[in-house]
Amino acid sequence: MRLIFFVCLTSFLRAQSAVEYSIHRAPSKIVIDGKLDDAAWRVASPASDFVFNWHSSGDKEATIAKLLWDDENLYVSWWCLDRHISAYEKLRHGPVSRDDCVEIFLSPNPRKVRNYYTFEINAIGTMLNRCRTDWWTGPPTWEPEGVVHRTSLHGLAKKDESPDDKEWAVELAIPLRNFSRDAAHTPPRDGDEWRLNLMRTGGKTNAQQSTWSPIVPPAKSFHTPESFGKVVFVAQAGSRRRAAQRVGPAEDVIAGRDIYNRSCTVCHGLDGAAGDRAPALGAQRRYLRTSNEDLFDAIKNGINGTLMPASSLSDADVWKTIAYIRSLRATAIDVPVAGNSQQGETIFNGKGQCAQCHMVRGRGGLIGPDLTNIGAEKKLEDIRLALVQPKPHIPRGFQPVTVKIKDGRIVRGVIKNENNFSWQILSLDGKLHLLTREEVFDVAHEEKSLMPSDVDRRLTKTEFEDLVAFLARSSWRKR
Ligand code: HEC
Ligand code: HEC
């Protein structure tokens, strides 16, 4: 398409918006066994959208962390999608971050963020702790009281990478009394604020180095308490959102997408979009099978008399693909995304040039549709497609035209309205023109929408995913 160049090189020096999370009271008992199957975890809200602060190479793999509390403990869990799991350190307080490892650094006093406590746990369950506070006079390492932790690979002598690697998990319970010198109250009270960060390192392959709260440059270390995110303790139990419940836990959806993209795309197409040999699993169509049981039966046993084969997936993996298929049928906001929505916002306003034509929350251009609520209106796949494929027909209100007016002026824009006597044209500079048939010399309809259909090629893969994440999270609903 003929790209319109706007001389609009605004530098968006965006203030790093801090991430926030509400730690709800655990609605039921949590058993620390390295399995995240407790009812409490399944309803806790995910802290996902991890940021890859210093990424130079390797796959970015999803991490979902969750936090809960009760009168005794702060509970933390991590779920890590991981194709290359390696861990070797067995010595207490050894350098576990060289392995596949998860970490939490906590500042119980938000006015003294430099007083922070660290918990680093590798995939085979070795832990390292430090107490970095202005009152600590002990050795460089620290022995917290009563901590219980388990990983899904707990106690192995070592963990070498294997072709079967898929995911691993960590569960941690920290007695709150460990923080009594810095916290305002232990146990915390409703509304108490702490600061913390959650991290992940990747072992031999795919370094990850991802964090929940972005680390503000030029800092180059996890040990940057100024960059910790904000958490607020909420006395109310649970935080289950209705829609999330319908779709299934975020980690199942992400793992299910992975399984689907390895086993089902030959026929159904990548990301469930549509294939040559089988129906799209997430498109707008009437499905024969809607109940979980019917989907399970179709995937496990195949569909007799059709190309749909029985599969050799385990029952657990079949359930994950079902969570994924359900997510394809939900709107984007209820579906986990791989990209980082904060970085996506920067791309939307900057390199992507989207804000020239689109408004989000009252800021941006008028030529394209307002995208403020797109995450709640559209499916994730449809948002992706909108960026890489022209629509079959240009939607009403967005037909681009070039109008020659008898006085010699030329107006280029989109037709907002037309009738027998006049046109309403919104020109590219955002002005509305009411032109009567008498004034106009010629109206040339353009064939292509002004919406670029090569957004994926104008951005890097990561930038594209971040942009999709931003759109997926755009909604009037508060997250
Ligand atoms: C060899 C091609 C092929 C492969 C591989 C395949 N499918 Fe299918 N699938 C089909 C076809 C064809 C249909 C439509 C059957 C019909 O006409 O009812 C179908 C139908 C389905 C349906 C039912 C859709 C509905 O609601 O009516 C589901 C669910 C499904 N497939 C899931 C999967 C999953 C998950 C995988 C991977 C584990 C997979 N399929 C792999 C060919 C395939
Ligand atoms: C030159 C103006 C222009 C630019 C630049 C532009 N768009 Fe669009 N966009 C439009 C128009 C016009 C439409 C509606 C017509 C259509 O869908 O073809 C649209 C449609 C869309 C839609 C579909 C909305 C819906 O409700 O179906 C999405 C999503 C979208 N744009 C996102 C973006 C993103 C993200 C960027 C930046 C990479 C971008 N657009 C850049 C003009 C633009």
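Residues numbered from 1 in each chain as written. Chains lettered and ligands numbered in written order. Predicted model: local features only at pLDDT ≥ 70, side-chain atom pairs only at ≥ 80, totals over all residues.

1. Let's talk about the overall build of the chain
Thinking step 1. Looking only at helices and strands, the chain features 11 helices and 19 strands.
Thinking step 2. A burial count over the chain gives 39% of its 479 residues as buried. (Helix = DSSP H or I, 4+ residues; strand = E, 2+ residues; numbered from the N terminus. Buried ≥ 20, exposed ≤ 12 C-beta atoms within 10 Å, placed from the backbone.)

2. With respect to the site of ligand 2
Thinking step 1. Taken together, 26 residues are adjacent to ligand 2, and Cys354, Cys357, Gly368, Ser449 and Met451 come closest.
Thinking step 2. Of all elements in the fold, only helix H9 (380-388) and helix H11 (461-472) reach the threshold of two or more residues within the shell around ligand 2.
Thinking step 3. Looking at the shell around ligand 2 element by element, the count peaks at 3 residues for H9.
Thinking step 4. Taken together, the residues of the shell around ligand 2 sort by class into 19 nonpolar, 6 polar and 1 charged. (Near = placed C-beta within 6 Å. Nonpolar A, V, L, I, M, F, W, Y, C, P; charged D, E, K, R; others polar.)

3. Let's talk about the sheet that holds strand S17 (residues 422-427)
Strands belonging to one sheet form pairs held by backbone hydrogen bonds; the direction of such a pair is parallel or antiparallel.
Thinking step 1. One open sheet accounts for 5 strands, arranged S18-S17-S16-S15-S19; its pairing is antiparallel. Sheet topology places strand S18 (432-436) and strand S19 (440-445) at the edges, where each strand pairs with a single neighbour. The mean inter-strand angle of the sheet, taken between neighbouring strand axes irrespective of direction, is 40°.
Thinking step 2. Examined bridge by bridge, strand S15 (residues 399-405) and strand S16 (residues 410-418) share 6 bridges and lie antiparallel to one another. (Pairing = 2+ DSSP bridges. Axes fitted to C-alpha atoms, helices over the stretch in contact; angles between N-to-C directions.)

4. Focus on helix H6 (residues 315-328)
Thinking step 1. Between the first and last C-alpha of H6 there are 20 Å, a value that for 14 residues agrees with the 20 Å anticipated at 1.5 Å per step.
Thinking step 2. Taken across its 14 residues, H6 has 10 buried, putting it largely inside the fold.
Thinking step 3. Of all the positions in H6, only Asp317, Lys320, Thr321, Ile322, Ala323, Tyr324, Ile325, Arg326, Ser327 and Leu328 are classed as buried. (Expected span 1.5 Å × (residues − 1).)

5. Focus: the pairing of strand S3 (residues 63-69)
Regular strands show a simple pattern: their side chains alternate between the two faces of the sheet.
Thinking step 1. Counting buried positions over the 7 residues of S3 gives 7, a clear majority of the element.
Thinking step 2. Burial along S3 is two-sided: the residues Thr63, Ala65, Leu67 and Trp69 and Ile64, Lys66 and Leu68 are all buried.
Thinking step 3. Two strands pair when backbone bridges link them, and strand S1 (residues 20-25) and S3 are joined in this way by 2 bridges, in the parallel orientation. Bridge pairing in S3 links His24 to Leu68.
Thinking step 4. Pairing of S3 with strand S4 (residues 73-81), which is carried by 7 bridges, proceeds in the antiparallel orientation. Across the sheet, Ile64 pairs through a bridge with Trp79, a residue of S4.
Thinking step 5. Between S3 and S4, which pair antiparallel and follow one another directly, the connecting turn spans 3 residues.

6. Considerations on unusual backbone geometry
Thinking step 1. Omega for the peptide link from Thr186 to Pro187 comes to -5°, which places this bond in the cis form.
Thinking step 2. Within the element layout of this structure, Pro187 appears in the loop between strand S9 (167-175) and strand S10 (193-202).
Thinking step 3. Of note, the amide linkage connecting Pro217 to Pro218 takes the cis form, showing an omega dihedral of 5°.
Thinking step 4. With respect to the secondary-structure elements, Pro218 resides in the loop between strand S11 (210-211) and strand S12 (229-237).
Thinking step 5. Even without being a glycine, Gln353 presents a positive backbone phi close to 60°.
Thinking step 6. If you trace the backbone, Gln353 turns up in the loop between helix H7 (341-349) and strand S13 (359-360).

7. Some remarks on the packing of helix H5 (residues 292-301) against H6
Thinking step 1. Running from N to C, H5 and H6 point in directions that differ by 120°, and their axes come no closer than 10 Å. Compared by their axis directions, H5 and H6 come out oblique. As for the relative orientation of H5 and H6, their crossing is right-handed in sense. Facing Asn292, Leu295, Phe296, Ile299 and Lys300 of H5, the residues of H6 in contact are Val318, Thr321, Ile322 and Ile325. (Parallel < 35°, antiparallel > 145°, perpendicular 65-115°, else oblique. Left-handed = near helix turned anticlockwise from the far one by under 90°. Contact = placed C-beta atoms within 7 Å.)

8. Some points on the packing of H9 against H11
Thinking step 1. Packing of H9 against H11 brings their axes to within 10 Å, and their N-to-C directions diverge by 125°. In terms of their interaxial angle, H9 and H11 are classed as oblique. The hand of the H9/H11 crossing is right-handed. Between H9 and H11, the residues in contact are Leu380, Ile383 and Arg384 and Val468, Leu471 and Ala472, respectively.
Thinking step 2. Here the residues of the contact of H9 with H11 are counted per class, giving 5 nonpolar, no polar and 1 charged.

9. Some thoughts on the nonpolar core
Thinking step 1. Leu68, Tyr75, Ile121, Leu196, Val468, Leu471 and Ala472 are the most contacted members of the largest nonpolar core, which has 101 residues in total.
Thinking step 2. Other than its neighbours up to four places away in sequence, Ala472 contacts Ala332, Ile333, Val335, Val337, Gly375, Leu380 and Ile383. (Core = buried A, V, L, I, M, F, W, Y, C linked by C-beta atoms within 7 Å.)

10. Here we look at the environment of Gly125
Thinking step 1. Assignment of secondary structure puts Gly125 in the loop between strand S6 (116-122) and strand S7 (127-132).
Thinking step 2. It is 8.5 Å that separates the C-alpha atoms of Gly125 and Ser152, two residues lying 27 residues apart in sequence.
Thinking step 3. Not counting the four nearest positions on each side in its chain, Gly125 is found in contact with His149, Arg150, Thr151, His154 and Gly155.

11. Observations regarding the environment of Ser180
Thinking step 1. Positionally, Ser180 belongs in the loop between S9 and S10.
Thinking step 2. As for Ser180 and Pro108, which are separated by 72 residues in sequence, their C-alpha atoms are 8.7 Å apart.

12. Quick word on the pairing of S12
Thinking step 1. Here S1 pairs with S12 via 6 bridges, running parallel. Bridging from a neighbouring strand, Ser22 pairs with Val232 of S12.
Thinking step 2. Pairing analysis gives 4 bridges linking S10 to S12, with the strands arranged antiparallel. Opposite Arg195, over in S12, you have Lys230 as the bridge partner.

13. Topic: the confidence of the model for the chain
Thinking step 1. Residues of the chain with pLDDT of at least 70 account for 89%, and the chain-wide mean is 87.
Thinking step 2. Note on residues 1-17: pLDDT is under 50 here. Beyond four places in sequence and across chains, it has 12 contacts.
Thinking step 3. In this model, residues 239-246 is a region of pLDDT below 50 whose contacts with residues beyond four sequence positions or in other chains number 11 contacts. (pLDDT = per-residue confidence, 0-100.)

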